[in-house]
Amino acid sequence: MLSYKKSKFIKRKTGIMVLKIDHLTGGYAGVPVVKDINLEIKPGEALGLIGLNGAGKSTTIKHILGLLRPQKGKISVNGIELSSNPSAFKKQVSYIPEMPVLYPELTLQEHLELTILSYNLNKKKAKKRAKELLQQFRLDDKLDWLPIHFSKGMKQKVMIVTAFLADTQLLVIDEPFTGLDPLAVANLIALIKQAVDNGKMILMSTHILADAEQAISNYAVLNNGTIEVVGSLQQLREHYGLKAADSFDKIYRILNQEQQHA
Amino acid sequence: MRKLAKKRLKKNFQQSLKYLVLVFNDFFVLALIFLFGALMFWYAQSMKVMPENLWFYRPIVGALLSLPIFVGKLVTLIQPADLQFLLPEDENMLIYLAPMLKYSLLVPVICLLFLAGILFPFATIKALVPSLTYVIAVLAVLAAKILQLKVMEYNLFFTRKVSLITVNLLFLAIFTFALIWPQTIYIIAILLIIILLFLLLKPQNVTLFDWRYAVKQEQNRKSQIYNVFSMFTDVKEKVPKIKRRKYLDFLLPKSLAKENPNGFLYRRSLLRNPENLNLLVRMTAFAVLISWLVQNWLWALGLSCLVVFLTVYQLLPMASEFDDNIMYRIYPIESAKRGQDLVMVLALALIMQWLIISLFWLLILPINLQLFEASGLLLIFSLLVGRLYLPIKIKQRKI
């Protein structure tokens, strides 16, 4: 829970911010993958999205990003609906994909400049912030490089730097730890914690709970396209009837059994 | 492995055929027939007046005859996924490569026969090469090509790589000088055949297959083929190789203040994506070339206007270049305005094109008042295309 002082600070800074997914049903070519999803993330809250492959995590994320059109339901941030005002909605969202996607024509420096232009950031402040992030991820000497010269891990770091540079209210992160070195994982976790402290909203899909739980306290479990439960890891353990000695991974076995019997 | 190789070769042949049909379309074939006819007419006329048996005729015949050696590389059709799925097949790679080597000979042999046929009258009548010697020389070139392909095959294994440039230069030198004394070609042919037989019959010591090198070589080979096809048609398999081209950075705005995201992206794509820049450079060079050929300001102006129009027309698809990039769709970039932003970038590119063409006109055409008028008219035409035609076209295409 946020302290009174902190929540007041966040409210003053961000207004009444909330990501609201309201009765979302959607998927590909008319086939519903996610069914009647309701989810809410408040300022200063980080929510982990967990589930087996094909449970609907990526589909949910694609709907939030406006890459898929919902068959039913609404998605809004701070009361701005994605369907009615996509441009204003997108200004409040940044994204770190599982597979890094960069512009082959742009250098690292130009990726940062494009982010500044697109999100209409204060250039002076953004450049200062970019410098800090680049140093943190050891990219500060690679500003003139094209993506073709980056390793997969480096590309992922560029995605992280640009997403945190955008300084949006909502940050959507899809499986961020794959391909990152332990130092970068630690830096990313620190950044997520810092963003949460600053009242940002984080939605993160991941399988690597050992890393995620350092920054995320609440989780939503997706299975068969529906959200089964939302709560802390302890609450999830209780929901699925795990004993103290059971590994958390047992939840995935239970989800698999549920899928087979669905 | 042989089955896999044959399956891949069949698929590759079908794909090549698909593109060859598009490349050799009716107009291109007609143009080729005319060009070939003109060349043959010039050849026949030249043969009548050419003196006989000059000292450099035989080296020319030898050098020209050896050209098919440079045509075509070893087709391996090795894919990046083979690094994963065929990794334990090192010892079977020679079996896989055997049908590939035969297939790789197809284009060079066609080129060799074609060239040998054309050169035959000159070689036998003017250079006085005996017919049998000429036939032996053709066979020796074929043997040299097979040997070169075997070298390429050898390089695919973890061995000390043989420099292909050295091999090619060596063959060029041998064939250039071999026909000076026709008997030497017999010795060279025999030597080449002995080396080939030795290589083919000798049991191969299987070493580690250099998978990464093989994948890279095949990608380079395919990229070259697709580059040729893409001059005539769209090649979906072609992956453009983006180059930094720092020396062109002076054409980019120094400050972000007047930039917008779409313009920012299109400017860099125009300068760094070879598909776009090559087109712009090629068309500009073409305008300069035809202006030089016609040597008349009026014709130069008319043809250059046509080139300017065609340049813009071909660059219009740039508008949808970033549509498949997920980050372009997620970033708050006004994609509805991308058409207008592209117009701004292309209009500037046209001014650059006008400037270059006009500068070359000053160098290659007679300088007079009319030339300056032509330059002014070309500028007006470029402005009209950039500011008037392009916005209309963008609206029509709903970009």
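Rules and cut-offs
- Residues numbered from 1 in each chain as written.
- Chains lettered and ligands numbered in written order.
- Predicted model: local features only at pLDDT ≥ 70, side-chain atom pairs only at ≥ 80, totals over all residues.
- Helix = DSSP H or I, 4+ residues; strand = E, 2+ residues; numbered from the N terminus.
- Buried ≥ 20, exposed ≤ 12 C-beta atoms within 10 Å, placed from the backbone.
- Contact = placed C-beta atoms within 7 Å.
- Rg over C-alpha atoms; globule rule 2.2 N^0.38 Å.
- Core = buried A, V, L, I, M, F, W, Y, C linked by C-beta atoms within 7 Å.
- Pairing = 2+ DSSP bridges.
- Axes fitted to C-alpha atoms, helices over the stretch in contact; angles between N-to-C directions.
- Right-handed = clockwise from strand over helix to strand, strands pointing away.
- Left-handed = near helix turned anticlockwise from the far one by under 90°.
- pLDDT = per-residue confidence, 0-100.

Now for the overall build of chain B. Secondary structure summary: chain B contains 16 helices and zero strands in total. Taking the principal axes of its C-alpha atoms as reference, chain B extends roughly 70 × 65 × 40 Å. Each of the 399 residues in chain B was classed as buried or not, and the buried ones make up 28%. Nonlocal contacts in chain B, meaning residues at least 24 apart in sequence, comprise 83% of its contacts between residues at least 6 apart.

To continue, consider the overall build of chain A. Looking only at helices and strands, one finds ten helices and ten strands in chain A. Over its C-alpha trace chain A gives a radius of gyration of 19 Å, about what one expects of a compact globule, namely 18 Å for 262 residues. On the principal axes, the C-alpha backbone points of chain A span a range of 55 × 45 × 40 Å. Counting the 262 residues in chain A, one finds 42% classified as buried.

Attention now moves to the nonpolar core. With 111 residues, the main nonpolar core has A:L47, A:V161, A:V172, A:I202 and B:L346 as its most contacted residues. Setting aside residues up to four positions removed in sequence, A:I202 forms contacts with A:A46, A:L47, A:L171, A:I173, A:I192, A:A195 and A:V196. Residues B:A5, B:L65, B:M100 and B:F171 belong to the second largest nonpolar core, which totals 40 residues.

What follows concerns the sheet that holds strand 5 (residues 80-81) of chain A. Residues and elements named next belong to chain A. The sheet built from four strands is open, its strands ordered 2-1-4-5 with antiparallel pairing. Only two strands of the sheet have a single neighbouring strand rather than two, namely strand 2 (31-41) and strand 5. Of the strand pairs in this sheet, strand 1 (residues 19-28) and strand 4 (residues 72-77) are connected by five bridges, and their pairing is antiparallel. Each residue of the ladder has a partner; that of L19, found in strand 4, is V77.

Another aspect to go through is the sheet that holds strand 8 (residues 201-205) of chain A. Residues and elements named next belong to chain A. Strand order in this open sheet of six strands is 6-7-8-3-9-10, and the pairing throughout is mixed. Strands with a single pairing partner mark the edges of an open sheet, and in this sheet they are strand 6 (93-96) and strand 10 (226-231). Between one strand axis and the next, the sheet turns by 20° as a mean value, whatever way the strands run. Judged from the five bridges that link them, strand 7 (residues 170-174) and strand 8 form a sheet pairing that is parallel. The partner of L171 across the bridge, within strand 8, is I202. Those strands touched by helix 2 (residues 57-65) are strand 3 (45-50), strand 6, strand 7, strand 8 and strand 9 (218-223), and its axis lies near 150° from that of strand 7.

Residue and element names in this part refer to chain A. Across the five residues that make up strand 7, a large majority, five, are buried. Alternating residues of strand 7 divide into L170, V172 and D174 and L171 and I173, and every residue in both groups is buried. One ladder, built from four bridges, connects strand 6 with strand 7; its direction is parallel. Bridge assignment links Y95 to a residue of strand 7, and that residue is V172. Between strand 7 and its parallel partner strand 8, the chain crosses via helix 7 (residues 182-197), and the hand of that crossover is right-handed.

We note that A:N78 has phi near 55°; this positive angle belongs to a residue other than glycine. Note that A:N78 resides in the loop between strand 4 and strand 5. By the C-beta count within 10 Å, which is 18 here, A:N78 ends up partly exposed. In the Ramachandran plot, B:R245 falls in the positive-phi region, its phi being about 45° despite a non-glycine side chain. Secondary-structure assignment places B:R245 in the loop between helix 10 (211-230) and helix 11 (261-272).

So, about the pairing of strand 1 of chain A. Residue and element names in this part refer to chain A. Two elements, strand 1 and strand 2, share seven bridges in a ladder whose sense is antiparallel. Bridge pairing in strand 2 places G26 opposite V34. In this antiparallel pair of consecutive strands, strand 1 and strand 2, the connection spans two residues, and A29 shows a positive phi of 45°.

A word on the interface of chain A and chain B. Counting from both sides, the interface comprises 22 residues of chain A and, opposite them, 21 residues of chain B. For the side of chain A that touches chain B, the elements supplying multiple residues, two or more each, are helix 3 (86-90) and helix 4 (108-118) of chain A. Of all the elements, helix 4 of chain A adds the most residues to the side of chain A that touches chain B, at six residues.

This paragraph deals with the packing of helix 3 (residues 57-65) of chain B against helix 8 (residues 164-178) of chain B. Residues and elements named next belong to chain B. Relative orientation of the contacting elements helix 3 and helix 8 amounts to 145°, with a least axis distance of 6 Å. Relative to helix 8, the crossing made by helix 3 is right-handed. The residues of helix 8 that touch helix 3, namely those facing P59, G62, A63 and L65, are L172, F175, T176, F177 and A178.

Turning our eyes to something else, we now look at the packing of helix 5 (residues 123-136) of chain A against helix 6 (residues 152-166) of chain A. Residue and element names in this part refer to chain A. Running from amino to carboxyl end, helix 5 crosses helix 6 at an angle of 145°, the nearest separation of the two axes being 10 Å. You can see that helix 5 and helix 6 cross each other, and the crossing is right-handed. Of the residues in helix 6, those touching helix 5 at A126, R129, A130, L133 and L134 are V161, F164 and L165.

Turning next to the confidence of the model for chain B. All names here are of chain B. Confidence along chain B averages 89 in pLDDT terms, with 99% of residues attaining 70 or more. Model confidence for chain B, summarised as mean pLDDT per element, is weakest for helix 9 (residues 182-201) at 81 and strongest for helix 11 at 95. Two numbers describe this predicted complex: its pTM, 0.78, and its ipTM, 0.86.

Bringing the environment of B:G263 into the picture now. All names here are of chain B. Topologically, G263 is positioned in helix 11. With 32 residues separating them in the primary sequence, G263 and M231 have C-alpha atoms 27 Å apart. G263 has contacts with D341, M344 and V345, leaving out every residue within four places of it along the chain.

To continue, consider the confidence of the model for chain A. Looking at chain A as a whole, its pLDDT mean stands at 89, while 93% of the residues score no less than 70. Under a pLDDT of 50 for its full length, residues 1-15 of chain A has, in the predicted model, ten contacts with residues more than four places off or in other chains.

With that settled, the discussion passes to the environment of A:G51. All names here are of chain A. Mapped onto the elements, G51 comes out in the loop between strand 3 and helix 2. The class of G51 is buried, set by 25 C-beta atoms lying within 10 Å. Remark: the alpha-carbon pair of G51 and I227, spanning 176 residues in sequence, is separated by 9.4 Å. In this structure G51 touches G56, K57, V221, L222, N223 and L255, once residues within four positions along its chain are discounted.

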